[in-house]
Each structure stands twice: as structure tokens, then as C-alpha cells.
There are 2 protein chains.
Amino acid sequence: MTSGKTGGAGVGGTGQPKDPKAPQTLYRKVAADLRDAIAAGAYGSGARLPAEGALAERYEVSRGTIRQALALLRADGLVTSRRGTRRVVLSDTRVQSFAELTSFARWARSIGEEPGGRTIAVVREPGRPLECEQLRLESEAYVYRVLRLRTLSGRPVMVERAVYPEWVGELVERFPREADSHSTLLEGHGVLFTDADHTIDLAPADTEDAVLLECGVGDALLRERRRSTDSTGTPVEWSDDRYLPGTVAFTVHNSTASTALSRRTSQ
Amino acid sequence: MTSGKTGGAGVGGTGQPKDPKAPQTLYRKVAADLRDAIAAGAYGSGARLPAEGALAERYEVSRGTIRQALALLRADGLVTSRRGTRRVVLSDTRVQSFAELTSFARWARSIGEEPGGRTIAVVREPGRPLECEQLRLESEAYVYRVLRLRTLSGRPVMVERAVYPEWVGELVERFPREADSHSTLLEGHGVLFTDADHTIDLAPADTEDAVLLECGVGDALLRERRRSTDSTGTPVEWSDDRYLPGTVAFTVHNSTASTALSRRTSQ
DNA sequence: GAGTGGTCTAGACCACCCT
DNA sequence: GGGTGGTCTAGACCACTCC
């Protein structure tokens, strides 16, 4: 909320990490500016935002553009939206970008930890039925299966079992064993994740998990299974990540306006 | 995709459960119609949707309205969106409505199970610091604490510990002990949930959990902590739900366009 | 009744994908 | 180069909230 002049360079400050490749549009700049203002305490939790018309004047854009910006904040759970009343600030918590969510390494750095990754095994073999279905390959198609141990400041935290279709696996196979971020390396080869489906539940540690995470066989782990796709909708990765208890939690915001979360019976 | 005439009554069929109170706007009808078409197989997984302009003609609405409808499908993870190409159908899975997610009972019915709820205890006492903060009350404010056991077809599945501010707790206190859906009863009193924040992790069963769920003390449970607010942004409920392993999983969809999910270090 | 956000329209220009 | 979705504008009307 510093300047308001749209041509100015001051808009879109430091609060929210920019997604690489996110185009710098007007409404994104306005959104970033409002996010910064909220984070800076200009509008505390429970405060009311200026009216759309007032914001449109201040930023010298149309009301439609302001509404696009506010829709972003709404989706992040930062503000409410209801007819007849000005928007109310719900939370001043910082929100993670998609990139931080998809990449363990980027996430770790964003919270001030030192990420590590050690590749234990890479094999190429025919995919199992579930894997082929998730990657939308014909059954028995060859896939690359990659087992990695992820650490935070040297401490083992998570076992990652990723499965890739051949065209991606051929790239991953050549990555260094100690690379801390496969997704950054994949980006360098033009492979960009844009969508992901996550399933979160609980799974008992098998003997491999137990050895790597230094826990007991059968101990419960927090499991996140994730299917990521690129912008064409092509599945790029199917992963089974198992976290030691007490290391991470997942948070989701949703509303009547956007329902990204759902509850399912296991299997 | 049956008629396309906007005035027609045939739009907005049977596929997606309607949220109670969701206004029947043009774009919602179009979205519902497209969802039905996808679920009915008119556009299989991987197929391309008609162009926005074509849809605008078919439904006799402006392109803006079509785009609003498609934004709903995008948020649900049903279709992709990228410049230069027609939208691609990602999945033909049915998506849960916000109401089904917020209410255990409604969710259970939507998957064909018989929900049950038994209230074990209701107490009124000063809130703990975390509770007051979550409900945005001054510290030491009185709250109602409600302990319930939730069942699916008679089988114990989840222990729910909900905390309410006084104005809500006074209502809940009078609900029947065997009521299967508190949220439906609250709606009857004009209390509507519109936003929720969820934190999902793992917690060991305490003695109370163990007795109610018939498991061992210390066994790992899947925990969902949830803060729900009404349309004014006022916190209405703060709940700690613990599921037996193997009974449920949570799924989330997100994308570069909307990032509702995040990963955090545990407390 | 004034103020506010929700919905809808019509049109414009541009960036990008594909052939 | 034609088709497509992304962005932006300007204006209109309505439903709702609050004083």
C-alpha cells in the first residue's frame, strides 16, 4: 500500500516469495502489495480492508483487476468476502507458494532449515498397476523408481519414493546422488510442475523405512502421496513420502468459495 | 451440456451435491452442467473442452460468465488452464462440497455410510491459551468444551474434541446426546460455517482416546485440527479430531493458480 | 437509504500454442 | 497466422448489510 502508482517499481515487495515463472501482471502486483500491507500490520487480524472502489482509485486500475487480486487473497484464506460488507482480514500468516510446497528443499530453506537429499537407489522396471494408473501410462510400461532420504540440518526426516515416466526418469537418473532439489534441476530441463494432488494419511514403517529413519518397524509415519502434473495435464511424478512423527504437519484452507480439500476412506 | 438455454430448468443436474445456501447464479449452473457432462463421460480424462467462445455461444452467456464457471472447475482440479490451448480434463472424480467436508455426518452419508455421534461430555470452563487464541477470545474467556465419539455404521472411528465460544456453546449444550450432525443443527440456528483452516498430523492416543476408540494408549492416530469461521470471519469452532488409522485419508488439490495447502513443522 | 460486494455484459489487446 | 486463454477496462444492475 506504499505507492499505489501502478507504473511504480515499489509494488510487490518482499513478503510473499515469487513463484518462478509467475508472470508479473497488474493484479498479481496489487495482491502482493496488499499481502505485504497485511503482513506489515497495516490491517491487523479482524480489520476491514478498503472498499473495492477505493482500492481501484488508489492503484489506478479497474474494479475488475482489484477483484482478481482480492480473489488471490481469498483463496489463501487471508480475507473474507461477503456481499454488503467490506472484506475482513482473517489472518496475517504468511502463505507458502506452490513451489515451496512441491519442493522439499525450497520449503526447508523458506523456514530457515538446511535441506539435504541422498539418493539411495534408482531402478528402471515395469510399473505396478497403481503407478501406471497414476502416471496415466499403459499397464506394464517402464518407469523409473527413485528412493531418497531427506534430511533437515542433517537429521533424517522423510523417506521419498518417487516414480517417474521414462522421459522424466532418464533426466533424474543423471542427477548427482547428493542433489538437494530434484525439482529445481527438473525445471532447468524445462519440466515444470503446475498442479498436484495430495493424499495424506498414516502408514506403518516397513523395514526399509525403519533403517533409513532410525525408527522401529511398524511405527506409524505421516504419509503424503502426491501426483504432480505439468501445465499440459501430463502426469510427471507420483511419490510416496513418509515423515517421522513430530516433524511436519500439513495445513489447508478452504471455504464455500473454494473446496480444495476432501476426506476419503482409506483405500 | 443437455440444453444450453440459460432459462431452461434442465441445467445443474445431479452430479455435484448442492451446498445449502449456495445462490443459483448463471455461472454456477454452467459449472454444474459441465461437471455433469464430465462425470457422464462426455469429456473423458485427457479430453479437451470446447473453447470459451464456443461455450459462451452454447449457453448464451458472455465469455466472462463462462470463465467464472471454468474457474470453479479449475479450483476443483478437474481441468487445466493454459494460454494458447483448450482446457484439458484432468480427472472425472467427484469432488466434495464444503458442507460435506465440514460435517462428518454429511460426509458419511455421501459415501453411503451411516454416521453416528454420541456426546460424552459437555463442560463450560475458562479456555486454554491456544483455544482462546484460535477462537479470537480474550484469554481466560469461558468456552464450551464438547467431547464426542463418532461412528460409521456403529463402528467407532473418531474422537472429536470441539471448543466453542459461549454464544455457540449455549446452543450446542442443548442438542440431544445422540444427534448425528451438530453442524446441521447449528445451521438451523443461523450459524453457518463458510471458511475453515485444517492442520493434519499424527498424535498418540491418550487414555481417553484409547478407551473410546478401543485401541492402545500411545497408538498413533491421524489428527485433524480445524478452526471454522462464519461469513463475518468470526471463529465459531475449534476442534481436535482423531481418527483410527486406516479409516480415512485427506486429499488436497492445488496448483500454481491456487495454493490452499502448506507444509509446516509440527508445533 | 447509502455503501458494498456479487454477478453479468461487451469489447479490446496480448501472449502463447500449434500447424 | 489462426485459434485460444489471460488480462484489463467500463459500465450496469442487484442483493445484502448496516445505520
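Residues numbered from 1 in each chain as written. Chains lettered and ligands numbered in written order. Predicted model: local features only at pLDDT ≥ 70, side-chain atom pairs only at ≥ 80, totals over all residues. Heavy atoms only, no water.

A word on unusual backbone geometry
Part 1: Unlike most non-glycine residues, S153 of chain A shows phi in positive territory, near 50°.
Part 2: Counting through the fold element by element, S153 of chain A comes out in the loop between β2 (142-152) and β3 (155-165).
Part 3: Owing to a relative accessible area of 48%, S153 of chain A belongs among the partly exposed residues under this scheme.
Part 4: One non-glycine residue, E60 of chain B, lies in the positive phi region at around 60°.
Part 5: Inspection of the secondary structure assignment puts E60 of chain B in the loop between α2 (52-59) and α3 (63-75).
Part 6: The class of E60 of chain B is exposed, set by a relative accessible area of 52%. (Helix = DSSP H or I, 4+ residues; strand = E, 2+ residues; numbered from the N terminus. Buried < 20%, exposed > 50% of the residue type's maximum accessible area, 1.4 Å probe, protein only.)

Details of the protein's contact with DNA strand D
Part 1: The environment of DNA strand D is made up of 24 residues, and the closest members are L26, S62 and T65 of chain A together with R63 and R86 of chain B.
Part 2: Close to the protein, within 4 Å, the atoms of DNA strand D belong to sugar or phosphate groups at a rate of 69%.
Part 3: The backbone of L26 of chain A places a nitrogen or oxygen atom 2.6 Å from a phosphate oxygen of DNA strand D.
Part 4: At a separation of 3.3 Å, a base nitrogen of DNA strand D approaches a polar side-chain atom of R63 of chain A. (Near = heavy atom within 4 Å. Polar contact = N/O pair within 3.5 Å; in protein donor to acceptor, adjacent residues only side chain to side chain.)

Section: the domain arrangement of chain A
Part 1: What the domain assignment reports for chain A is domain 1 (1-92) and domain 2 (98-243).
Part 2: A separation of 34 Å is found between the C-alpha centroids of domain 1 of chain A and domain 2 of chain A. (Domains from an automatic or database assignment.)

As for the environment of A257 of chain A
Part 1: Counting through the fold element by element, A257 of chain A comes out in the loop between β7 (248-255) and β8 (261-265).
Part 2: For A257 of chain A, the residues in contact, after removing those within four places along its chain, are R74 of chain A together with L72 of chain B. (Contact = heavy atoms within 4.5 Å.)

Comments concerning the protein's contact with DNA strand C
Part 1: Taken together, the neighbourhood of DNA strand C is formed by 24 residues, with R63 and R86 of chain A together with L26, S62 and T65 of chain B sitting nearest.
Part 2: Protein-adjacent atoms of DNA strand C, using a 4 Å cutoff, are sugar or phosphate at a proportion of 69%.
Part 3: G84 of chain A places a polar main-chain atom, nitrogen or oxygen, 3.3 Å from a base nitrogen of DNA strand C.
Part 4: For DNA strand C, a sugar or linking oxygen lies 3.4 Å from a polar atom in the side chain of R83 of chain B.
Part 5: Secondary structure elements with two or more residues in the surface near DNA strand C: α3 (63-75) of chain A together with α1 (26-39) and α3 of chain B.

Focus: the packing of aromatic side chains
Residue and element names in this part refer to chain A.
Part 1: Scanning all chains against the criterion turns up four aromatic pairs over all chains.
Part 2: Summarising the aromatic geometry, the rings of F104 and W107 are spaced 5.7 Å apart at their centres and angled 55° between planes, so their arrangement reads as tilted. Within this pair, F104 and its partner W107 are both found in helix α5 (residues 104-110), separated by three residues, close to a single helical turn.
Part 3: A relative accessible area of 4% places F104 in the buried class.
Part 4: Directly above the aromatic system of Y142 lies the positively charged group of R124, at a separation of 4.1 Å from the ring centroid. (Phe/Tyr/Trp six-rings, centres within 6.5 Å; stacked < 30°, edge-to-face > 60°. Lys NZ or Arg CZ within 6 Å of the ring centre and 35° of its normal.)

Some thoughts on the nonpolar core
Across soluble globular proteins, nonpolar side chains show a tendency to be buried alongside one another.
Part 1: In terms of nonpolar packing, the biggest core is built from 34 residues, with L222, Y243, F250 and V252 of chain A together with L222, Y243 and F250 of chain B touching the most fellow members.
Part 2: Leaving out residues up to four positions away in the same chain, F250 of chain A has contacts with I200, L222, E224 and Y243 of chain A together with H198, T199, I200, L261, S262 and R263 of chain B.
Part 3: The next biggest cluster of nonpolar side chains, apart from the first, holds 20 residues, and it includes L34, A37, Y59 and L78 of chain A. (Core = buried A, V, L, I, M, F, W, Y, C linked by side-chain atoms within 4.5 Å.)

Remarks on the sheet that holds strand β6 (residues 235-243) of chain A
Part 1: Spatially, β1(A)-β2(A)-β3(A)-β6(A)-β5(A)-β4(A)-β7(B)-β8(A) is the arrangement adopted by the eight strands of the open sheet, whose pairing is antiparallel. Strand pairing shows two members of the sheet lacking a second neighbour, β1 (115-126) and β8 of chain A, which therefore form its edges. Between one strand and the next, the sheet's axes are offset by a mean angle of 20°, whatever the strand orientation.
Part 2: Pairing analysis gives 11 bridges linking β1 of chain A to β2 of chain A, with the strands arranged antiparallel. Bridging across to β2 of chain A, R118 of chain A finds its partner in L149 of chain A. (Pairing = 2+ DSSP bridges. Axes fitted to C-alpha atoms, helices over the stretch in contact; angles between N-to-C directions.)

Description of the interface of chain B and chain A
Part 1: With 61 residues of chain B in contact, the opposing surface of chain A contributes 60 residues.
Part 2: Taken together, both faces of the contact between chain B and chain A bury some 6000 Å²; the carbon and sulfur share is 51%.
Part 3: On the chain B side of the contact with chain A, T251, R263 and R264 of chain B bury the most area, a combined 14% of that side's loss.
Part 4: For D195 of chain A, the salt bridge identified is with R74 of chain B, shortest N-O distance 3.2 Å.
Part 5: For the interface between chain B and chain A, the tally reads 16 residue pairs in polar contact (both at pLDDT 80 or more).
Part 6: Every element with two or more residues in the side of chain B that touches chain A is listed here: α3, α4 (98-102), α5 (104-110), β4 (195-204), β5 (220-229), β7 (248-255) and β8 (261-265) of chain B.
Part 7: Where β7 of chain A and β4 of chain B come together, six bridges link them in antiparallel fashion. In the strand pairing of β4 of chain B, F250 of chain A is matched with I200 of chain B. (Buried area = accessible area lost by both parts, 1.4 Å probe. Salt bridge = Lys/Arg side-chain N within 4 Å of Asp/Glu carboxyl O.)

Some points on the sheet that holds strand β2 (residues 142-152) of chain B
Strands pair in a sheet through their backbones, by hydrogen bonds, and they do so in one of two ways: parallel or antiparallel.
Part 1: Sheet architecture is open: eight strands sit in the order β1(B)-β2(B)-β3(B)-β6(B)-β5(B)-β4(B)-β7(A)-β8(B), paired in antiparallel fashion. In the strand order of this sheet, the two ends are held by β1 (115-126) and β8 of chain B, each with one partner. Across this sheet, the average inter-strand angle for adjacent strands is 20°, counted without regard to direction.
Part 2: Pairing between β4 of chain B and β5 of chain B: 10 bridges, direction antiparallel. What sits directly across from D195 of chain B, in β5 of chain B, is T229 of chain B.

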